[in-house]
Amino acid sequence: MTLSLEQATAIADRLQRALTRPPAALPSPASAGWTLAGASARFLMGRHLPVVAFERDGSTLGFIVSPKDLQAPVYKRSARFDLVYFSEDVPDDQQQSVYDRNRAMIDRFAAWLIAWDRLGEPLP
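Residues numbered from 1 in each chain as written. Predicted model: local features only at pLDDT ≥ 70, side-chain atom pairs only at ≥ 80, totals over all residues. Heavy atoms only, no water.

Colleague: Please clarify how the sheet that holds strand β4 (residues 76-77) should be interpreted in this entry.
Modeller: In sheet architecture, strand pairing relies on hydrogen bonds along the backbone and comes in two forms, parallel and antiparallel. The strand order across the open sheet built from five strands is β1-β2-β3-β5-β4, with neighbouring strands paired in antiparallel fashion. With partners counted over all chains shown, the strands left at the sheet margins are β1 (35-44) and β4, one partner each. In terms of strand pairing, β4 meets strand β5 (residues 81-86) through two bridges, oriented antiparallel. Its bridge partner lying in β5, K76 is registered against L83. Seen against the sheet, helix α1 (residues 5-20) touches β1, β2 (47-56), β3 (59-67) and β5 and runs at an angle of roughly 170° to β1. Strands in contact with helix α2 (residues 95-118) are β2, β3, β4 and β5; relative to β5, the strand with the most contacts, it is inclined by about 155°. (Pairing = 2+ DSSP bridges. Helix = DSSP H or I, 4+ residues; strand = E, 2+ residues; numbered from the N terminus. Contact = heavy atoms within 4.5 Å. Axes fitted to C-alpha atoms, helices over the stretch in contact; angles between N-to-C directions.)

Dropping the structure here:
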């Protein structure tokens, strides 16, 4: 499914709200020095995509949260979303090092996304 800029922005806004509201529903996955830089629509790989970004000590860690596409290679899937992690700090051919260094945070965010999606918040 291809998202319009408005749809990608609306999903990013919902993710931002879910990550910044009091932790009564779901605590933020950020720990070990990671802080939420924000969620926004970005134009990547020729598509508008919701991206959640975290920062730590000058490093970035991004998560593309796109509608589920069973044909797409992804890191994890929730009921409605695919998840891909990346860092703009390293070249594309070295993205494996992002996982090697940040596996705990990547897995925490994946678990958070799956739990958030189970809450069934209506989407655009």
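This is not the end of the story, as more comes after the structure.
Colleague: Would you mind showing me how to read the packing of aromatic side chains here?
Modeller: Aromatic rings in a pair are described by how distant their centres are and how their planes are angled relative to each other. Tallied over the full model, the rule gives nine aromatic pairs. The interplanar angle of 20° and the centroid separation of 4.2 Å between the aromatic rings of F63 and F109 together place this pair among those described as stacked. You can see F63 sitting in strand β3 and its partner F109 sitting in helix α2, a full 46 residues away along the chain. The exposure classification of F63 matches that of F109, with both residues buried. Look at Y75 and Y99: their rings are 5.7 Å apart centre to centre, the planes differ by 55°, and that puts the pair in the tilted class. Taken as a pair, Y75 in the loop between β3 and β4 and Y99 in helix α2 lie far apart in primary sequence, 24 residues in all. The structure contains a cluster of three or more aromatic residues connected by ring pairs, namely F54, F63, F81, F109, W112 and W116. (Phe/Tyr/Trp six-rings, centres within 6.5 Å; stacked < 30°, edge-to-face > 60°. Buried < 20%, exposed > 50% of the residue type's maximum accessible area, 1.4 Å probe, protein only.)

Colleague: So what exactly am I meant to see when it comes to the layout of surface pockets here?
Modeller: One water molecule sets the probe size; rolling that probe over the atoms shows where empty space is left. Computed from the structure, the largest pocket encloses a volume of approximately 280 Å³. The wall of the largest pocket is formed by 15 residues, among which M45, R47, I64, P73 and V84 lie closest to the centre. Mapped by element, the contributors of at least two residues to the lining of the largest pocket are β3 and β5. A breakdown of the residues in the lining of the largest pocket according to their chemical character gives 10 nonpolar, one polar and four charged. (1 Å grid on protein atoms, 1.4 Å probe; cavity = no way out; pocket = protein on both sides within 12 Å on 5 of 7 lines; lining within 4 Å. Points joined across faces, edges and corners; volume = space filled by probe spheres on them. Nonpolar A, V, L, I, M, F, W, Y, C, P; charged D, E, K, R; others polar.)

Colleague: Can you walk me through the nonpolar core in this structure?
Modeller: Buried together is how nonpolar side chains tend to be arranged in soluble globular proteins. Core analysis: the biggest nonpolar cluster contains 28 residues, and L15, F63, F109, W112, L113 and W116 have the highest contact counts within it. Those elements that provide at least two residues to this core are α1, β2, β3, β5 and α2. Considering each element in turn, this core owes the most residues, nine residues, to α2. Residue contacts for F109: discarding those within four places in its chain leaves L19, P29, V52, F54, F63, V65 and L83. Of all hydrophobic cores here, the second largest spans five residues; its members include L44, L49, V51 and F86. (Core = buried A, V, L, I, M, F, W, Y, C linked by side-chain atoms within 4.5 Å.)

Colleague: How should α2 be read in this particular structure?
Modeller: Since the α-helix advances by 3.6 residues per turn, residues separated by three or four positions end up pointing in the same direction. When the terminal C-alpha atoms of α2 are compared, their 29 Å separation across 24 residues is substantially less than the 34 Å that a helix rising 1.5 Å per residue should span. Its axis deflected by about 90° at N102, α2 carries its strongest bend there. Within the span of α2, buried status applies to Q95, V98, Y99, N102, M105, I106, F109, A110, W112, L113, W116 and D117. Each element contacted by the buried residues of α2 is listed here: α1, β2, β3, β4 and β5. Within two residues after α2, G120 carries a phi angle of roughly 75°, on the positive side. (Expected span 1.5 Å × (residues − 1). Bend = angle between axes of the 7 residues up to and from the residue.)

The quantities given are spatial measurements derived from coordinates; they are silent on function.
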